[in-house]
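Per-entry structural report
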Amino acid sequence: MSEGTMQRRAQREERDQRAKRLNRVLVCAAAVPVMLVAAGCSSDSGSGDSTDKAAKAAASASASPSPTVQAAAYGKLPEPCKALSKKTLEDLVPESKSGKEGKSDDISTRGSCSWNSLDNNGVKGSQFRWLNVSMLRFESDVTRGPADELAHEYFEKQVQDAQAAEGAKGVKSEPVPGTGDEATAVRYELKKKEGTFKQQTLVARVENVVVTLDYNGAGLAGDKSPSAEDLLKDVKKAAKEAVAAVSEANGAGGGKASGAPSKSPSGSPSKSASGEASDEPSKDASESPSKKPVSKS
């Protein structure tokens, strides 16, 4: 092979090598934008997913329902002075002509009535009786709870207050079945200058209403003291009537007087639920019978 032929062959091989290197450079250069575009799409996709998730979370939060409590079972109270039958009043306060209704700023929430009876037998002494019926209705509040639970708390407080009455002697308590959802009777004696008073306090709850009966009796001017057992029997009878009156006033037919327990919480938010429900009854409704002055009329 001549020297010229060999030189031309070497030149062709060198041109082929340069062409191959150029092709590789062009291929790599063309691949770079594709990678950048792919990376850009991937980044945009992630941002979009985050935005979608945040939007869905906000929509879910705005769609969440507000806290609620179940509506109160009872929405009103009976007239307190008509909560007991004429026959029952004749048995408990035979000399009373009429009841005295207590003051109330909302008769659908609270009410009370009291009766005085003095059977004056002259030199043979006399028998005194005093009866008070008070009612307090609770309504639900989303922050404080269902009405029947609020009523239960007040029920327990009333029982505890009766057990801790100032000057009480021989305090005894007992459950009273068959009267609303729950009921407790507290009895004791109070020594006063007029005589020994036998006090009976019966607290009952029916749904979202608490009924408290205070009944006391005394033998005055030398007459013998009444039987505590008889007084307790009488106030139990009166309590059943008062509980039935609450149910009847709300169209329930007095069914809760049988003592059937509540099957569900009750209560509906209202003005009374957030303010008055936790308060004591009005002054006349909550006045302790043990502090009531003895009537001589």
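Everything here concerns the structure above.
In this text, all values refer to a predicted model and were calculated from it rather than measured experimentally.

A closer look at the pattern of salt bridges
Between side chains of opposite charge, a pair can form as their charged atoms come close. Counted by the stated rule, this structure contains eleven salt bridges. One salt bridge in this structure joins Asp-105 and Arg-110, with 3.8 Å as the shortest N-O distance. With a relative accessible area of 61%, Asp-105 lands in the exposed category. Note that Lys-236 is salt-bridged to Glu-174, the shortest N-O span being 3.0 Å. Placement of the pair is Lys-236 in helix H4 (residues 228–249) and Glu-174 in strand E4 (residues 169–175), with a sequence separation of 62 residues. Among the residues examined, Lys-236 registers a relative accessible area of 25% and is labelled partly exposed. Within the structure, one salt-bridge network assembled from shared partners comprises Lys-87, Asp-91 and Lys-237.

Considering the nonpolar core
Counting 31 residues, the largest nonpolar core has Leu-84, Trp-115, Leu-131, Met-135, Leu-202, Val-211 and Leu-213 as the members making the most contacts within it. Contributing elements (two or more residues each) for this core: helix H2 (86–92), strand E2 (110–120), strand E3 (126–137), strand E5 (182–192), strand E6 (195–206), strand E7 (209–220) and H4. Element by element, the count of residues in this core is highest for H4, at nine residues. With residues up to four places along the chain from it excluded, the contact list for Met-135 reads Leu-77, Pro-78, Ala-83, Thr-109, Arg-110, Gly-111, Val-210, Val-211, Ala-242 and Val-246. One finds Leu-150, Phe-155, Tyr-188 and Val-210 within the second-largest nonpolar core, a separate group that totals 23 residues.

A short note on the sheet that holds E6
Read across the open sheet, the seven strands follow the order E1-E2-E3-E7-E6-E5-E4; overall the sheet is antiparallel. Every other strand in the sheet has two partners, leaving strand E1 (100–101) and E4 as the edge strands with one partner each. As defined by bridge partners, E2 adjoins E3 across eleven bridges and the pair is classed as antiparallel. Across the sheet, the residue bridging to Arg-110 is Leu-136, located in E3. Sitting on the sheet, H4 touches E3, E4, E5, E6 and E7, and the angle it makes with E6 is about 30°.

Structural notes on the environment of Ser-225
Note that Ser-225 resides in the loop between E7 and H4. Along the sequence, Ser-225 and Phe-128 sit 97 residues apart, while their C-alpha atoms lie 9.6 Å from each other. Beyond its immediate stretch of four places on either side in the chain, Ser-225 contacts Thr-196, Lys-198 and Gly-219.

Brief notes about H4
In an α-helix, one full turn covers 3.6 residues, which means residues spaced three or four apart are oriented alike. With 22 residues, H4 extends 31 Å from end C-alpha to end C-alpha; this agrees with the ideal 32 Å at 1.5 Å per step. Turning to H4, its buried residues number three or more, namely Leu-231, Leu-232, Val-235, Ala-238, Ala-239, Ala-242, Val-243, Ala-244, Ala-245, Val-246 and Ser-247. Structurally, H4 contributes buried residues whose contacts are with H2, E3, E4, E5, E6 and E7. A positive backbone phi angle near 75° is found at Gly-251, which sits one or two residues after H4.

Describing unusual backbone geometry
Non-glycine residue Glu-207 carries a positive phi angle of around 55°. In this structure, Glu-207 sits in the loop between E6 and E7.

The rules behind the values
Residues numbered from 1 in each chain as written. Predicted model: local features only at pLDDT ≥ 70, side-chain atom pairs only at ≥ 80, totals over all residues. Heavy atoms only, no water. Salt bridge = Lys/Arg side-chain N within 4 Å of Asp/Glu carboxyl O. Buried < 20%, exposed > 50% of the residue type's maximum accessible area, 1.4 Å probe, protein only. Helix = DSSP H or I, 4+ residues; strand = E, 2+ residues; numbered from the N terminus. Core = buried A, V, L, I, M, F, W, Y, C linked by side-chain atoms within 4.5 Å. Contact = heavy atoms within 4.5 Å. Pairing = 2+ DSSP bridges. Axes fitted to C-alpha atoms, helices over the stretch in contact; angles between N-to-C directions. Expected span 1.5 Å × (residues − 1).

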